[in-house]
Amino acid sequence: MVRTMPILLMDNDQPSSHSDPRRQLQMARSMCWHCQSEVTGEYFCERCVKVQPVSKETDYFTCLGFPRRLTLDVQKLEARFYELSRTFHPDFYQRKSTAEQTISLSNAAVLNTAYRTLRDPIQRAEYLLALETGSVKNIRTSPPADLFEEILELQDTLEEYRASDHGSDQGHRLRTTLLTEQEALERRKEELESQLRRLFADWDKLQDAGETTSSARAERDKILKQMRDLLSHRTYVNNIVSDLAATIA
Amino acid sequence: MARIVGIDLGTTNSLVAYMKDGQPCIIPDRHGRTMVPSVVAVTDNGLIVGDSAKEHLTRNPERTVYSVKRFMGKGLADVQNELAYFPYSLTETDGVIRIRLGQKSYSPPQISAMILKELKLRAEAYLGESITKAVITVPAYFNDSQRQATKDAGLIAGLEVLRIINEPTAASLAYGLQKNTQGTIAVYDFGGGTLDISILKLKDGIFEVLATNGDTHLGGDDVDRVLVDLFIAEIREREGIDLSGYPDHIQAVRLEAERAKIRLSDELKTDIAIELPEDKGCFTRELTRDQFESLATSVIERTLTPCRMAIKDAGLTTKDIDEVVLVGGSTRMPLVRQRVEALFGKPPHCHLNPDEVVALGAAVQADILSGGTTDMLLLDVTPLSLGIETMGGVMSSLIRRNTTIPASAKEMFTTYVDGQTGVDIHILQGERELVKDNRSLARFRLKVPPLPAGVPRIEVTFLIDANGILNVTATDMRTGQSQSIEVKPSYGLSDQEVERMIEDSFKFAAEDIGARKLIEARLDAESLFKTTDKSLAEAGHLVAREETEAIRTALSQLSTAKDGTDPRAIRGRMAELEQAAKHLNTVMLDDSLKKGLQGKKVSEVS
């Protein structure tokens, strides 16, 4: 029997690459699927008032009507999400044709993913990074270089604790060590997140300036590179912290 | 658009509701009863459902099904450790439990369909129109198989199930409609067989579920069992009787345990009386609320873990919860209220009838779907993570739990052997790492054109719709062709089997209607018999002797007909009795009027 073997050619939450055959479908988007007239309205054909599918090319920022910035008003985002939910939710298409029901279902699913991605600052940044760099791979997690030794040691302590009798003196001692480590790592995580927030602000400022000079482009690439490294470290530390918390809980 | 009713298909009781002038209302039966006990009995005269079936629990335990909801979407292995509690015999065919009743076997969706049909008939009789569309509620923590089984039950009952909606969120709709609440609420729903907890944010008519958790095998039934085990052990010790050979008596113990539990919600102590087999008298004991609570506390503690997990998943603490709403009959237990209050640090709301609020919410959702209510929208979540099996028996998660539905995920598949023509895909639901620890939902084989390894690119879309039910589609990315996928459910009826059951249900419908007519005729005859007998005793002296003789004859003939099985004969005898007693009734009415007028002046009368 052939085993299941999914190959992540493309990540779900990330935009399609240029070789994607679906790109050829983009032409059809500007035409109403129902009356074939040109769609000028945002989500509905203005002529026959049929709901239109959200194009597969639409990124989540565009979908929710926000510019590609990393600091955004979460209240406004929620309000926009609720508004669009009222536009697309299948509850309101029960009496419509099957084609419209199908569009509503898939639009609502895209909307829900878009909101979930943009609501969380980390996921939002990871998504933007993928959009801007055209990278389709998940960001690989890696430990910050200066933490390498410390983390190796921590892994050993974790193993030792798992194998130990938690009620024994040794168990207590290991647990105390792990708790101290956990606090230190939590602090490190917060530090990484505050560095990220500063970088987010830098990105937004650069975008707002809208310059296209070569130095602006270099600055942009520098920010994206730094962001990738920080996100990668932050996820790594976060995973370790959760693992730690789960073990000593 | 045809009317859509809302149905609460409960473990212990079921209800049907509809929207009347912007307010949800429960549809009662002819006697004003709102709940249909979720009990189905196979009698010699056909199938009966509800209150009349409940009588058969002790009379006919092997052929009377209760708590069938516990078996929906399950295989026999899932319920192995509770088989001893059920007097009817359970087997398994094609991953679906079958319940043997008399000569026939029924799947849980078929039994549920009988309850749904009863509700459908009730609604049709009350509203005077044919009902073909419904919203049906399920526990929020129901997995895909259990939801699908519920949808199948609807189909078999002749209902188009327009939406499967989660019970706690349904309750929140009814609650929100009445209270116009804004803020964060927790709905604690503890029913007969299931526990759910949902955390919702209510804002401007949007009901957004933030997180949900639960246990589909934890309910009032489990509290009853603690008492059943105690009583059976005491009967063995004190009376030297092992009840395990007496399924009818075990049922009597279970029913007494349930009644005692209910009484102890209002009283501090209660007397237990259980009739023993073979005329060995009666087992009696006193049970205090304290004793009861010390027994029940372990079950109730188990309900708090899902609550804590839901709060955590919502990214909140108990301080962030503005209101706690109680749903389900089991929340009437004072101990439950105390524990919930202690956990959330605030007294829970219980001003809505916990038995009715879910059905009322289903009616609100039905009204949203039919376009009546337009300002409310429910955004629910999927309770369990969805994933597929990957190399090494590990589950790779595609849609995380508590993701807002509809939700979709795409996955690209290819081959790794030249000319390979298929890829087997195993879909799972659950939170554990390994495939074996999660719930298998379905398997299917993806068809791939024979090409060199790695060249085919098939994109599979997993879409969880607004019912929380999975739909799978696949597209060959090279040709843009989509392919239909035949999914083989791991724990469910195949489409063909559902189809056959729908046909069967039409075939048996005639039989069932016959049984129902007989039961109704008997009930009506009983009530006519009693009132006429009473009139005769009170006013027989006011009419001629021949008349009283004629009435007596008609009474005895009705009594004979009532024991027969022909509803038309019963109705005929009833008409004869009514005719014979007509004069007597008129005379009685005149007599009472006359008595009422005595001692009054003419001026007071007019």
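Residues numbered from 1 in each chain as written. Chains lettered and ligands numbered in written order. Predicted model: local features only at pLDDT ≥ 70, side-chain atom pairs only at ≥ 80, totals over all residues. Heavy atoms only, no water.

### Thoughts on the overall build of chain B
Heads up, the condition is: Secondary structure follows DSSP: runs of H or I at least 4 residues long count as helices, runs of E at least 2 residues long count as strands, and numbering of each begins at the N terminus. Residue burial is assigned from relative accessible area. The probe radius is 1.4 Å, only protein chains are included, and a residue is buried under 20% of its type maximum, exposed over 50%, and partly exposed in between. Throughout, a contact is declared for two residues whenever any of their heavy atoms are within 4.5 Å. Residue burial considers only the protein chains on display, and all accessible areas are found by Shrake-Rupley using a 1.4 Å probe. For the purpose of charge, His is not counted, nor are the chain termini; Lys and Arg are scored as positive and Asp and Glu as negative. Lysine's charge is taken at NZ, arginine's at CZ, aspartate's at CG and glutamate's at CD.
The helix and strand inventory of chain B stands at 16 helices and 28 strands. Along the first, second and third principal axes, the C-alpha atoms of chain B reach 100 × 65 × 50 Å. Each of the 606 residues in chain B was classed as buried or not, and the buried ones make up 56%. Expressed as a percentage of contacts within chain B between residues at least 6 apart in sequence, the contacts between residues at least 24 apart total 65%. As presented, chain B carries roughly 25,900 Å² of accessible surface, and 50% of it is formed by carbon and sulfur atoms. Taken together, the 72 basic and 87 acidic charged side chains of chain B have centroids lying 1 Å from each other.

### Notes on the domain arrangement of chain A
Quoted interface sizes are often the accessible area lost when the parts come together. Residue and element names in this part refer to chain A. Spelled out, the test is: An automatic or database domain assignment provides the domain bounds reported here. Summed over both partners, the accessible area (1.4 Å probe) lost when two parts come together is defined as the buried area.
We note that the domain assignment places domain 1 (30-119) and domain 2 (145-248) within chain A. On a C-alpha basis, the centres of domain 1 and domain 2 stand 36 Å from each other. Facing 4 residues of domain 1, the contacting portion of domain 2 comprises 6 residues. Roughly 470 Å² of surface becomes buried between domain 1 and domain 2 when both sides are summed, with 50% attributable to carbon and sulfur atoms.

### Points about the pattern of salt bridges
Which entries qualify depends on this criterion: Any carboxyl oxygen of Asp or Glu within 4 Å of a side-chain nitrogen of Lys or Arg constitutes a salt bridge here.
All told, the structure shown has 47 salt bridges over all chains when counted by the stated rule. For Glu193 of chain A, the salt bridge identified is with Arg234 of chain A, shortest N-O distance 2.9 Å. Of this pair, Glu193 of chain A sits in helix 7 (residues 169-209) while Arg234 of chain A sits in helix 8 (residues 214-248); the two residues are 41 residues apart in sequence, bridging distant segments of the chain. Judged on exposure class, the residue Glu193 of chain A and its partner Arg234 of chain A are both buried. Among the ionic pairs, Asp313 of chain B bridges to Arg401 of chain B, the shortest N-O distance being 2.6 Å. Of the two residues, Asp313 of chain B sits in helix 9 (residues 304-313) while Arg401 of chain B sits in the loop between strand 21 (394-399) and strand 22 (407-413), which places them 88 residues apart along the sequence. Residue Arg401 of chain B is classed as partly exposed on the basis of its relative accessible area, which comes to 24%. Here the salt bridges share partners, and the residues they tie into one network are Asp59, Arg68, Glu132, Arg220 and Asp221 of chain A.

### Considerations on the packing of aromatic side chains
Residues and elements named next belong to chain B. Spelled out, the test is: The pairing test for Phe, Tyr and Trp rings, Trp by its six-membered ring, is centres within 6.5 Å, and the orientation test on the planes gives stacked under 30 degrees, edge-to-face over 60, and tilted for anything in between.
Enumeration according to the criterion identifies 12 aromatic pairs over all chains in this entry. Geometrically, the ring pair formed by Tyr18 and Tyr126 is edge-to-face, given 6.2 Å between the ring centres and 65° between the ring planes. In this pair, Tyr18 sits in strand 2 (residues 13-20) while Tyr126 sits in helix 3 (residues 108-127), placing the two residues 108 residues apart along the sequence. For Tyr126, a relative accessible area of 43% gives the class partly exposed.

### Thoughts on the interface of chain A and chain B
Our working rule: The nonpolar class holds Ala, Val, Leu, Ile, Met, Phe, Trp, Tyr, Cys and Pro. Asp, Glu, Lys and Arg form the charged class, and all remaining residues, Gly among them, are polar.
Counting residues at the interface gives 34 residues for chain A, matched by 50 residues for chain B. Between chain A and chain B, a total of about 3,700 Å² is buried, with carbon and sulfur atoms accounting for 57% of that surface. Counting every contact that joins chain A to chain B gives 3 salt bridges. Every element with two or more residues in the side of chain A that touches chain B is listed here: helix 3 (74-88) and helix 4 (98-119) of chain A. A class-by-class count of the residues in the side of chain A that touches chain B yields 17 nonpolar, 8 polar and 9 charged.

### Brief notes about the domain arrangement of chain B
Along its sequence, chain B is carved into domain 1 (4-218 + 303-379), domain 2 (220-300), domain 3 (386-493) and domain 4 (503-597). One C-alpha centre belongs to domain 2 of chain B, the other to domain 3 of chain B; they are set 49 Å apart.

### Observations regarding the sheet that holds strand 25 (residues 458-464) of chain B
All names here are of chain B. Heads up, the condition is: Strands pair, by our definition, only if DSSP identifies at least two bridges between them.
The antiparallel open sheet is built from 4 strands, whose spatial order is 22-25-26-27. In this open sheet, the two edge strands, each paired with only one partner strand, are strand 22 and strand 27 (482-483). Two elements, strand 26 (residues 470-476) and strand 27, share 2 bridges in a ladder whose sense is antiparallel. Among the inter-strand pairings, Thr475 is bridged to a residue of strand 27, identified as Ser482.

### Structural notes on the nonpolar core
Note the cut-off: Residues belong to a common nonpolar core when they are buried Ala, Val, Leu, Ile, Met, Phe, Trp, Tyr or Cys residues joined through side-chain atoms within 4.5 Å.
With 58 residues, the main nonpolar core has Ile7, Phe71, Tyr88, Ile99, Leu101, Ile111 and Leu116 of chain B as its most contacted residues. A per-element tally of this core places helix 3 of chain B first, with 8 residues. Filtering out sequence-adjacent residues up to four positions away, Ile7 of chain B remains in contact with Leu15, Val16, Leu116, Leu119, Ala134, Val135, Ile136, Thr137, Leu159 and Ala362 of chain B. Core analysis: the second largest hydrophobic core is formed by 55 residues, Phe61, Phe66, Ala108 and Leu196 of chain A among them.

### Observations concerning the environment of Leu386 of chain B
Residue and element names in this part refer to chain B. Assignment of secondary structure puts Leu386 in strand 20 (residues 386-390). Here the alpha-carbon distance between Leu386 and Arg400, two residues 14 residues apart in the chain, equals 6.4 Å. Here Leu386 is in contact with Met395, Ser396, Ser397, Leu398, Ile399, Ile427, Leu428, Leu441, Phe462, Ile464 and Leu470, once residues within four sequence places are set aside.

### Notes on the sheet that holds strand 5 (residues 39-43) of chain B
Residue and element names in this part refer to chain B. Here is the rule: Axis geometry follows a simple rule: fit a line to the C-alpha atoms, using only the stretch in contact for helices, then measure angles between N-to-C directions, giving values from 0 to 180 degrees.
Judged by pairing direction, the sheet is antiparallel, and its 3 strands sit side by side in the order 6-5-7 without closing on themselves. Two strands close off the open sheet at either side, each with one partner strand: strand 6 (46-49) and strand 7 (64-66). Geometrically, the sheet is characterised by an average inter-axis angle of 15° between neighbouring strands, direction not taken into account. By the bridge criterion, 4 bridges tie strand 5 to strand 6 in an arrangement that is antiparallel. Looking across to strand 6, one finds that Thr43 is bridged to Gly46. Its contacts with the sheet place helix 3 against strand 5, strand 6 and strand 7, and it is angled at close to 65° to strand 6.

### Quick notes on the pairing of strand 11 (residues 133-138) of chain B
Residues and elements named next belong to chain B. The element strand 11 is extensively covered by neighbouring structure, given that 6 of its 6 residues are classed as buried. Judged by which residues are buried, strand 11 turns out to be covered on both faces: Lys133, Val135 and Thr137 on one side and Ala134, Ile136 and Val138 on the other are all buried. Sheet topology note: the strand 11/strand 12 (residues 160-166) ladder contains 6 bridges and is parallel. Bridge pairing in strand 12 places Val135 opposite Arg163.

### A word on a nonpolar patch on the surface
Residue and element names in this part refer to chain B. Formally: Residues enter patches when they are more than 30% accessible in relative terms and free of salt bridges; like-charged ones are connected within 9 Å and nonpolar ones (Val, Leu, Ile, Met, Phe, Trp, Tyr) within 5 Å.
Among the surface-exposed residues, Met391, Tyr416 and Val417 lie close enough to one another that they form a single nonpolar patch of about 280 Å² accessible area. Note that Val417 resides in the loop between strand 22 and strand 23 (422-429). Residue Val417 is classed as partly exposed on the basis of its relative accessible area, which comes to 44%.

### Remarks on the confidence of the model for chain A
Residue and element names in this part refer to chain A. Note the threshold: Known as pLDDT, the predictor's per-residue confidence is scaled from 0 to 100.
Here chain A averages 80 in pLDDT, while 83% of its residues score no lower than 70. The least confident element of chain A, judged by mean pLDDT, is helix 1 (residues 26-29) at 39; the most confident is helix 3 at 94. Note on residues 1-28: pLDDT under 50 across the span, and 71 contacts to partners over four residues away in sequence or across chains.

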